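# Coordinate inspection notes
One-letter residues, chain by chain:
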Amino acid sequence: MDVKTADGPAFDAFAASCPSRRLLDTIGNKWASLVIVALGLEGRMRYSELSARIAGVSQKMLTQTLRGLERDGLLTRTVTPSVPVRVDYELTPLGLSLLGTIRHLKEWAEAHMAEVDRAREEYDRNSA
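Residues numbered from 1 in each chain as written. Predicted model: local features only at pLDDT ≥ 70, side-chain atom pairs only at ≥ 80, totals over all residues. Heavy atoms only, no water.

- The protein goes by Helix-turn-helix domain-containing protein in an unreviewed UniProt entry, where it is assigned to Actinomadura vinacea.

### Quick word on the overall build of the protein
- Counting its secondary structure elements, the protein contains five helices and five strands.
- Relative to a compact globule of 128 residues, whose C-alpha radius of gyration would be 14 Å, the protein shows 18 Å and is clearly more extended.
- With the principal axes as the frame, the protein shows a C-alpha extent of 60 × 45 × 25 Å.
- A burial count over the protein gives 24% of its 128 residues as buried.
- Looking at the protein alone, contacts between residues at least 24 apart form 44% of all its contacts between residues at least 6 apart.
- Entry remark: accessible area of the protein is about 9,000 Å², with carbon and sulfur atoms responsible for 55%. (Helix = DSSP H or I, 4+ residues; strand = E, 2+ residues; numbered from the N terminus. Rg over C-alpha atoms; globule rule 2.2 N^0.38 Å. Buried < 20%, exposed > 50% of the residue type's maximum accessible area, 1.4 Å probe, protein only. Contact = heavy atoms within 4.5 Å. Areas by Shrake-Rupley, 256 points an atom, 1.4 Å probe, with all protein chains shown as cover.)

### Some points on the confidence of the model for the protein
- On average, residues of the protein score 92 in pLDDT, and 93% of them are at 70 or above.
- When pLDDT is averaged over each helix and strand of the protein, the minimum, 54, is found for strand E1 (residues 4–5) and the maximum, 97, for helix H4 (residues 59–71). (pLDDT = per-residue confidence, 0-100.)

### Structural notes on the UniProt feature "domain: HTH hxlR-type" (unreviewed entry) in the protein
- In this structure's numbering, the residues bearing the UniProt feature "domain: HTH hxlR-type" (unreviewed entry) are residues 18–117.
- Here residues 18–117 runs as 66% helix and 14% strand, with 34 Å between its end C-alpha atoms. (UniProt positions renumbered as here; feature names shortened; annotations may be inferred.)

### Topic: the nonpolar core
- Residues Val35, Ile36, Leu39, Leu50 and Leu75 are the most contacted members of the largest nonpolar core, which totals 23 residues.
- Looking at this core, the elements that each hand over two or more residues are helix H2 (30–42), H4, strand E5 (86–91) and helix H5 (93–127).
- Looking at this core, the element that brings in the most residues is H2, giving seven residues.
- Sequence-distant contacts of Val35, that is, excluding residues within four places in its chain, are made with Ile54, Leu62, Thr65, Leu66, Leu69 and Leu75. (Core = buried A, V, L, I, M, F, W, Y, C linked by side-chain atoms within 4.5 Å.)

Right under this line is the structure:
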């Protein structure tokens, strides 16, 4: 990780000490990926809308995921004083720059799930 570029340090996620691994942990998380895609496709969303859109995510996990993505600069949280208080989430330009990659990964998983299931079944049969 001692390599430098004109813009600063060059990161190497293969190196155990590389800080980019923390970012890969975040964006590699299924809930984070689904939040990014949901916000990218739907635009600004309220917490309740995200919760309804992403079936199966617990309140605790969604809250942790949103906080992590906000901390990493991938989304913004906007609080509008009202009764009840309105909280909206939206991708930042940095988050939008990641959207295409994450969306393609989601679409690939959906398109190839049947093949993966068959491969798993065959592996399990041969390993038994």
